[in-house]
Amino acid sequence: MKALLAILVTVLVSPMMLLAEQPATAQPPDIPAPVAPGDAGPSPLQQWIDHTIPAPPLVPAPQHPAAAQEALWQAILSSPTADPTFDAWPQGLDRLDPGHVIETRDVTAVAASLFDAPIARARLVKFRSTSASGTPEFGTATLLEPAAAWAGPGPRPVEVDTLPINALGMRCTPGYTIAHGVRDNNAINVFLPGVATALNKGHTILLPDHEGPLMAYAEPTVAGHVTLDSIRAIRSLAPDQFGDSRFAVTGYSGGAIASYATAMLLPEYAPDLANVLVGASIGGLVTDYGAVAHVFNGHSASGILLSVTLAMAREHPDMLPYMNHLAQWVGTSPLKNICGDADGPLGAVGIPMEVAANIDHPLESGISDEIQRRTDLTGRTSGVPLYIYHGVGDFWIPIQGPQQMYREQCARGVTAEFRTVPGEHVSAMLNGAGGSIDWIDARLRGEPAPNECA
């Protein structure tokens with residue numbers, strides 16, 4: 001283990017890993033009172049790490065603990081993209097309603113070359129949204145209007161596709177990728193076959209950058225807020241075109257977190273959309289972050305767990321004091337900008353969470369319990385009918401969590417279906433896509449959702 005750490009340290013402290021300048025206007029979310037969990041102190045390995053590796057230099061140099069925490073928070077954010085739409089935090093966000101359109105940009109010329117379907121118009125939209133702690137922030141989304149005619153009943157519908165961004169860097173989002181014509185951001189994040197298929201059916205497609213401006217990968221409240229506010233934004237942007245349209249949201253894995261949160265947060269955060277959103281399809285969903293963290297920890301998906309932990313700290317800065325020096329070096333290195341599933345190979349060596357923390361058994365700690373509490377949406381009732389599907393052999397995300405969610409939503413009177421599909425996490429996405437697409441198509445045609453709840 002020490003040899004592995006020595007290799008990591010050599011890489012991470014190289015001159016190529018200099019800290020990137022962050023947007024000066026980004027401010028940390030409200031920080032709750034410190035958790036007082038009575039946690040165990042650092043293990044001998046953790047003591048060795050912090051005694052061997054110095055803390056990374058931060059810019060600006062902190063003068064007291066609070067400043068040190070804010071400087072570290074700034075340093076772990078995604079590097080700026082050099083595109084003000086994604087980098088600039090508008091003044092006066094607190095005076096705007098959620099979903100208020102801040103700016104739009106025509107990206108048709110670039111988008112038309114990226115999809116295997118004709119596009120009449122593509123627009124990048126920036127709007128006001130809300131952080132996990134309730135403070136104002138902004139969101140971005142891309143609206144793709146098809147050239148194909150809509151042959152169904154009623155106005156042209158809108159399919160909200162919460163793609164599995166699964167990234168730490170802002171340049172990895174669908175919005176940035178489409179606006180800049182980038183083809184190397186891991187094609188699964190933008191060019192899933194379902195997007196082109198839906199465009200050819202005459203569906204308008206809305207692609208929210210649901211990780212938010214802080215790139216808070218897997219943070220469900222942010223994902224739900226951004227997705228709901230993206231719907232508000234385009235309805236206000238073109239009320240004659242979309243004011244009476246049906247909207248349905250679909251997502252798998254990292255995207256399922258957003259589609260699930262959209263359904264669960266709609267009644268409390270966006271009741272004005274209660275008669276607008278007609279359904280949510282959810283595949284490969286994580287409902288119990290604690291259970292999945294233990295499955296990932298120290299195994300083949302450990303790199304994803306470490307990435308999610310860093311991303312969560314962007315929206316929950318009270319996690320930062322629990323990062324040891326090694327974690328701080330990694331979190332402020334270019335690894336903070338990785339795209340898609342680039343964090344997967346990090347799990348090949350099975351790095352456990354203990355190597356990144358300064359308390360023993362971090363997954364059983366008070367701060368871990370607190371973050372699980374904040375991200376748990378299972379006590380809420382979906383505001384729309386649900387279609388839930390999951391791989392029977394998914395060894396990363398146990399099927400018991402989505403099954404339990406389905407039973408609980410049924411008990412709350414929600415119209416729902418559950419489908420078990422063959423395969424593990426990746427193959428189940430492909431095996432379950434057909435059923436999900438058919439269900440979404442029917443909702444957008446205005447057909448009532450089937451109810452299989454006992």
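In short, a report on the structure.

Thresholds, definitions, all that
Residues numbered from 1 in each chain as written. Predicted model: local features only at pLDDT ≥ 70, side-chain atom pairs only at ≥ 80, totals over all residues. Heavy atoms only, no water. Helix = DSSP H or I, 4+ residues; strand = E, 2+ residues; numbered from the N terminus. Buried < 20%, exposed > 50% of the residue type's maximum accessible area, 1.4 Å probe, protein only. Contact = heavy atoms within 4.5 Å. Areas by Shrake-Rupley, 256 points an atom, 1.4 Å probe, with all protein chains shown as cover. Disulfide = S-S within 2.5 Å. Salt bridge = Lys/Arg side-chain N within 4 Å of Asp/Glu carboxyl O. Core = buried A, V, L, I, M, F, W, Y, C linked by side-chain atoms within 4.5 Å. Phe/Tyr/Trp six-rings, centres within 6.5 Å; stacked < 30°, edge-to-face > 60°. Axes fitted to C-alpha atoms, helices over the stretch in contact; angles between N-to-C directions. Parallel < 35°, antiparallel > 145°, perpendicular 65-115°, else oblique. Expected span 1.5 Å × (residues − 1). Pairing = 2+ DSSP bridges. Lys, Arg positive; Asp, Glu negative; His and termini not counted. Nonpolar A, V, L, I, M, F, W, Y, C, P; charged D, E, K, R; others polar.

### Topic: the overall build of the protein
- Regarding its fold elements, the protein presents 16 helices and nine strands.
- Out of the 454 residues belonging to the protein, those deemed buried represent 56%.
- Sequence-distant contacts in the protein: of pairs separated by 6 or more residues, those separated by 24 or more amount to 81%.
- Surface summary for the protein: the accessible area is close to 17,500 Å², and the carbon and sulfur share equals 59%.

### Things to note about the state of the cysteines
- Across all of its chains, the model carries two disulfides by this definition.
- Disulfide partner of Cys172: Cys339, at an S-S distance of 1.9 Å. Between Cys172 and Cys339, the disulfide has an S-S torsion of -85° and is therefore left-handed. Residue Cys172 is found in the loop between β4 (158-161) and α6 (174-180), and its partner Cys339 is found in the loop between α13 (325-331) and α14 (366-375); the two are separated by 167 residues along the sequence.

### So, the pattern of salt bridges
- Inspection of the entire model under this criterion finds 13 salt bridges.
- Arg123 is the salt-bridge partner of Glu145, the closest N and O atoms lying 2.7 Å from each other. With Glu145 in strand β3 (residues 136-146) and Arg123 in strand β2 (residues 119-130), this residue pair connects regions lying 22 residues apart in the sequence. Each member of the pair, Glu145 as well as Arg123, is classed as buried.
- Each member of the salt-bridge network shares a partner with another, and the members are Asp318, Glu370, Arg373 and Arg374.

### A short note on the nonpolar core
- Counting 85 residues, the largest nonpolar core has Leu206, Ile231, Phe247 and Leu386 as its most contacted members.
- Among the elements that make up this core, the one with the highest residue count is helix α10 (residues 254-269) (nine residues).
- Apart from the residues within four sequence positions on either side, Phe247 is in contact with Val158, Val160, Ile231, Ile234, Arg235, Phe242, Val276, Leu277, Val278, Gly279 and Leu444.
- Residues Leu114, Phe115, Leu163 and Leu199 belong to the second largest nonpolar core, which totals 27 residues.

### Points about the packing of aromatic side chains
- This model, assessed by the stated rule, comprises eight aromatic pairs.
- Between Trp89 and Phe138, the ring centres sit 5.2 Å apart and the planes meet at 75°, which makes this aromatic pair edge-to-face. In this pair, Trp89 is assigned in the loop between α4 (84-87) and β1 (101-106) and Phe138 in strand β3, connecting sequence segments 49 residues apart.
- Look at Tyr387 and Tyr389: their rings are 5.8 Å apart centre to centre, the planes differ by 45°, and that puts the pair in the tilted class. As far as burial versus exposure is concerned, Tyr387 and Tyr389 are alike and both buried.

### Some words on the packing of helix α8 (residues 220-237) against α10
- Where α8 meets α10, the axes come as close as 7 Å, and the angle between the chain directions of the two elements is 70°. Our classification of the angle between α8 and α10 gives roughly perpendicular. On α10, the residues that touch Pro220, Thr221, Ala223, Gly224, His225, Thr227, Leu228, Asp229 and Arg232 of α8 are Ile257, Ala258, Ala261, Thr262, Leu265, Leu266 and Tyr269.

### Section: helix α12 (residues 302-315)
- The terminal C-alpha atoms of α12 lie 21 Å apart, and with 14 residues this matches the ideal 20 Å at 1.5 Å per residue to within 8%.
- Within α12, twelve of the 14 residues are buried, which leaves it mostly tucked inside the rest of the structure.
- Along α12, the positions that sit buried rather than exposed are Ser302, Gly303, Ile304, Leu305, Ser307, Val308, Leu310, Ala311, Met312, Ala313, Arg314 and Glu315.

### Examining the sheet that holds β1
- The strand order across the open sheet built from nine strands is β1-β2-β3-β5-β4-β6-β7-β8-β9, with neighbouring strands paired in mixed fashion. Each of the sheet's edge strands pairs with one partner strand only, and the pair in question is β1 and β9 (416-421). The mean angle between the axes of side-by-side strands here comes to 20°, regardless of whether they run parallel or antiparallel.
- Strand direction decides the pairing type here: β2 and β3, joined by eleven bridges, are antiparallel. Directly across from Arg121, in β3, lies its bridge partner Glu145.

### Details of the side chain of Glu159
- Structurally, Glu159 is set in strand β4.
- No salt bridge is formed by the buried Glu159. Its closest oppositely charged neighbour is Lys201, at 6.4 Å.
- When residues no more than four places from it in sequence are discounted, the contact partners of Glu159 are Ala198, His203, Thr204, Ile205, Leu206, Ala248, Thr250, Ile440 and Leu444.

### Considering the packing of helix α11 (residues 289-296) against α12
- Between α11 and α12, whose axes approach to 8 Å, the crossing angle comes to 135°. As judged from the angle between their axes, α11 and α12 are oblique. Note on element contacts: α12 touches α11 through Ser302, Ile304, Leu305 and Met312, opposite Tyr289, Ala293 and Phe296.
- Its residues assigned to classes, the contact of α11 with α12 comprises six nonpolar, one polar and no charged.

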